[in-house]
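Below are the chains, spelled out letter by letter.
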Amino acid sequence: MLLRMSTLLLRTLREDPADAEVPSHRLLLRAGYIRRAASGGYTWLPLGKLVLDRITEVVRGELFAIGDQEVHFPALLPAEPYQTSGRWAEYGDDIFTLADRRGAEHLLAPTHEEMAALLVKDLFTSYRDFPVTLFQVQTKFRDEARPRAGLLRGREFLMKDAYSFDLDDEGLREAYARHRAAYRRIFDRLGLDYTVVHAMSGAMGGSASEEFLATTPVGEDTFVGCTTCDYAANTEAVVTRAPAAGDPVAQPAVEVHDTPETPTIASLVELANARRLGGRDDWTAADTLKNVVLTVRQPGAERAEPLVIGLPGDREVDLKRVGAALHPAQVAVFDEWADHPELVRGYIGPQGLDKLGVRYLVDPRVTAGSAWLTGANEPGRHATGVVSGRDFTPDGTIEAAEVRAGDPCPDCADGELTIRRGIEIGHIFQLGRRFTDAFAVDVLGPAGKPVRPTMGCYGIGISRAVAAIAEQHHDDRGLRWPAAIAPCDVHLVVAGKGPQLDAALELGGRLAAAGVRVLVDDRTHVSAGVKFTDAELIGITRSVVVGRRLTDGYVELRARVGDDRVELPLDGLVERIVHEVHSERGNLGVAAR
């Protein structure tokens, strides 16, 4: 393959686009890889499509290697299967829905578990057909409320999704392990720095799931690691280590105090110490019980219901953690105070919420026997000695509090949590039988009785991976693609208007004939300085400058990473580059094309 920049659909930009928020967005636009087509939608230009295809080749090759079979489902799907599984209502506003001319409801597919289960039901009848794993590479759609960050959060994106079917749970665990290992090989080959973390299953359901997060400061996902052990989890999945329960009967009785003008935790603690409430002057925010009111609307419900969450006053509610814990319900901040005068804003306590019919969930730190300074459900009044298990009984616990660096690790005795940010590039699930149950997918087992297969699901965001790699592989001059997914293997830069152009085209032709992917900057209307700047911006692994030393039989070989530069004789250059490229492909498992 030989591409000439004089005819290539490519426009580089000197300045950052005004709406580009993160490095990958800025650089992919400036370097001519993508162009914005609509909010959350991008056109892939030739260089970008090459990168997208390189990543797809890596993914596809690793899945073929573990025995997966490729299919292709429609993107426009009937509503009925998703209504049967319950996900039509669960997804709510997050999916694009439409009706055809006959009024039949459809959706643009966000994922294809239902269709995979129906395909297996249609074609397979015997245990001899299993195990089987199907995968596809296809465009998916999500109605993002606020598309942002370029390819990282769009409404249309390219995804690889795979679905495994096994006859028993042991087979599912083996399929899950195979795909987990394949994902590691894929992301290693793509040159990504990533962490595998425990995760919530969300709309997929299932018993277990893990995310693969590419580490970057601009990532939308926050995850934790341990300073001592190998524990890692998305903050939505972090489990709080609860203190030991106490004896509710042994605590002093409740006392109600006048606490005027103390609607905040800080003002309450200051007054409590000044007045020695409960006989103490060492109150801290952690000794108070904050009660936060939210609204929760279940799928298909006409109205939302109030929910109160109790947590130590030194913690804030993390709405993403609440949403993950209560999925598929929709969670929002409560603002209907005028309609609920029984909820006294700033002075809510847990005592009596059950009589009001308000659901009350608490942080795991609010254990039985723990005593708190909290609201007395009257304006300007708080209570001390309010004991869990004596003065109130929660309806359950919920992981709702923010996770902080330094929190104790839930898996080991001595470790503390550290916090980082990342981009979700892959997610794997042990789905179980949710979808085979929904569609009654049964096959004849070895004993002659029906057996219901169990499923796994394995996703990789291919277009998002382009952005994740760009986030990790760039500098202040532009992109620096890993060799496995660079759009070309070598960038030939013509620095001169004499014989250099003919020499570069002849060199490019010989390289392309040997299976090397070549980009030639043969533009005659721009300066050498502009060409060098564009070469760094575009970010191909190596460039060859055909310049003034051509008359002596020399060219300059430049590495995009490390900035190594060396002058080499033109004789033997083709063989050297071909050897380097083929070695890279051999080490990375990339097929020559």
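Throughout, residues of each chain are indexed from 1 in the direction in which the sequence is written. It should be noted that, the model being predicted, local features are given only for residues of pLDDT at least 70 and side-chain atom pairs only at 80 or more, the latter also being counted only at that level, while totals for whole chains, interfaces and linings use all residues. For side-chain calculations, the full set of non-hydrogen atoms in the structure is used, while hydrogens and water are omitted.

**Student:** Which parts of the structure should I look at to understand the packing of aromatic side chains?
**Tutor:** Here the distance between the centres and the angle between the planes together describe a pair of aromatic rings. Aromatic contacts are taken between Phe, Tyr and Trp rings whose centres are within 6.5 Å, Trp giving its six-membered ring; a plane angle under 30 degrees counts as stacked, one over 60 as edge-to-face, and the others as tilted. Inspection of every chain in the model, using the stated rule, returns 10 aromatic pairs. Ring centres of Y183 and F212 lie 5.3 Å apart, and the angle between their planes is 55°; this geometry places the pair in the tilted category. In this pair, Y183 sits in helix α6 (residues 169–189) while F212 sits in strand β11 (residues 208–215), placing the two residues 29 residues apart along the sequence. Each member of the pair, Y183 as well as F212, carries the same accessibility label: buried. Here the aromatic cluster, defined as three or more aromatic residues joined through ring pairs, consists of Y183, F187, Y194 and F212. Two conditions define a charge sitting above a ring: the NZ of Lys or the CZ of Arg must be within 6 Å of the ring centre, and it must be within 35 degrees of the ring normal. Over the ring of F532 we find R558, and its NZ or CZ is 4.4 Å from the ring centre. In DSSP terms, a helix is any run of H or I states spanning at least four residues, a strand is any run of E spanning at least two, and both are numbered starting from the N terminus. Burial status follows relative accessibility: with a 1.4 Å probe on protein chains alone, a residue under 20% of its type maximum counts as buried, one over 50% as exposed, and anything between as partly exposed.

**Student:** Explanation requested: unusual backbone geometry in the structure shown.
**Tutor:** Glycine aside, residues mostly have negative phi, and peptide bonds are mostly found in the trans state. Geometrically, the link from F130 to P131 is a cis peptide bond, its omega value of 0° lying close to zero. Residues other than glycine seldom take positive phi values, yet E261 does so here, at roughly 55°. In this structure, A440 is a non-glycine residue whose phi angle is positive, near 50°. Considering the arrangement of structural elements, one finds A440 in the loop between α9 (434–438) and β23 (443–444).

**Student:** Looking at this structure, I do not really get the packing of helix α2 (residues 46–65) against helix α10 (residues 462–472). What am I missing?
**Tutor:** The description of two helices packed together rests on the angle between their axes and the distance between the axes. Viewed as axis vectors pointing N to C, α2 and α10 meet at an angle of 110°, and their least axial separation amounts to 9 Å. The orientation of α2 with respect to α10, classified from their angle, is roughly perpendicular. Across from V51, L52, I55 and T56 in α2, the residues of α10 making contact are I462, S463, A465, V466 and I469. Residues that form the contact of α2 with α10 fall into these classes: seven nonpolar, two polar and no charged. In this description, a line fitted to the C-alpha atoms serves as the axis of each element, helices being fitted only across the stretch in contact, and the angle between N-to-C directions of two axes falls anywhere from 0 to 180 degrees. Roughly parallel covers angles under 35 degrees, roughly antiparallel covers those over 145, roughly perpendicular covers 65 to 115, and oblique covers all other angles. The contact criterion used throughout is that any non-hydrogen atoms of two residues lie within 4.5 Å. The residue classification treats Ala, Val, Leu, Ile, Met, Phe, Trp, Tyr, Cys and Pro as nonpolar and Asp, Glu, Lys and Arg as charged. All others, Gly included, are polar.

**Student:** Would you mind going over the side chain of T436 with me for this structure?
**Tutor:** Within the secondary structure, T436 sits in helix α9. A polar contact of 2.8 Å, which involves the side chain of T436, links it to the backbone oxygen of P453. Residues within four places of T436 in sequence aside, it is in contact with F165, V441, R452, P453 and M455. Here a polar contact is recorded for every N or O atom pair within 3.5 Å, except that within protein the pair must consist of a potential hydrogen donor and a potential acceptor, and residues adjacent in sequence are included only if both atoms are side-chain atoms.

**Student:** Can you help me understand the packing of α2 against α6 in this one?
**Tutor:** Where α2 contacts α6, the two axes come as close as 10 Å, and the packing angle between them is 150°. Judged on the interaxial angle alone, α6 and α2 are roughly antiparallel. Relative to α6, the crossing made by α2 is right-handed. Between α2 and α6, the residues in contact are V58, V59, E62 and L63 and H179, R185, I186 and R189, respectively. A clockwise turn of the near helix away from the far one marks a right-handed crossing, whereas an anticlockwise turn of less than a right angle marks a left-handed crossing.

**Student:** Explain the sheet that holds strand β28 (residues 490–494) here, please?
**Tutor:** Sheet strands line up and pair through hydrogen bonds in the backbone, either parallel or antiparallel. Pairs of strands are assigned from DSSP output, requiring at least two bridges between the strands. The six strands lie next to each other as β1-β29-β28-β30-β31-β32, forming an open sheet whose pairing is mixed. Sheet topology places β1 (2–4) and β32 (565–569) at the edges, where each strand pairs with a single neighbour. For this sheet the average axis-to-axis angle between neighbouring strands, irrespective of direction, equals 25°. Two elements, β1 and strand β29 (residues 518–521), share three bridges in a ladder whose sense is parallel. Counterpart to R4 in the pairing with β29 is V520.

**Student:** What am I meant to see in the pattern of salt bridges here?
**Tutor:** The working definition used for a salt bridge is a side-chain nitrogen of Lys or Arg within 4 Å of a carboxyl oxygen of Asp or Glu. Evaluation of the coordinates by the stated rule reveals 50 salt bridges. One salt bridge connects R189 with E62, and the closest N-O pair in it is separated by 2.9 Å. Here R189 is found in helix α6, whereas its partner E62 is found in helix α2, with 127 residues between them in sequence. This pair shows no difference in class: R189 is buried, exactly as E62 is. Residues D407 and R315 are paired through a salt bridge, measuring 2.8 Å at the closest nitrogen-oxygen approach. On the criterion of sequence distance, the pair formed by D407 in the loop between β21 (396–397) and β22 (417–432) and R315 in the loop between β16 (305–312) and α8 (319–326) is long-range, its members being 92 residues apart.

**Student:** Would you take a moment to explain the sheet that holds strand β7 (residues 105–108) for this structure?
**Tutor:** The strand order across the open sheet built from three strands is β5-β7-β6, with neighbouring strands paired in antiparallel fashion. The open sheet is flanked by β5 (76–78) and β6 (97–99), the only strands paired with a single partner. Within this sheet the neighbouring strands show an average axis-to-axis angle of 35°, counted without direction. Here β5 runs beside β7; their pairing, made up of three bridges, is antiparallel. Within the sheet, the bridge partner assigned to L77 lies in β7 and is L107.

**Student:** Honestly, the environment of E57 in this entry has me stumped. Any pointers?
**Tutor:** By secondary structure assignment, the location of E57 is in helix α2. With a relative accessible area of 21%, E57 lands in the partly exposed category. Considered as a pair, E57 and I485 are 428 residues apart in the sequence and their alpha carbons are 9.2 Å apart.

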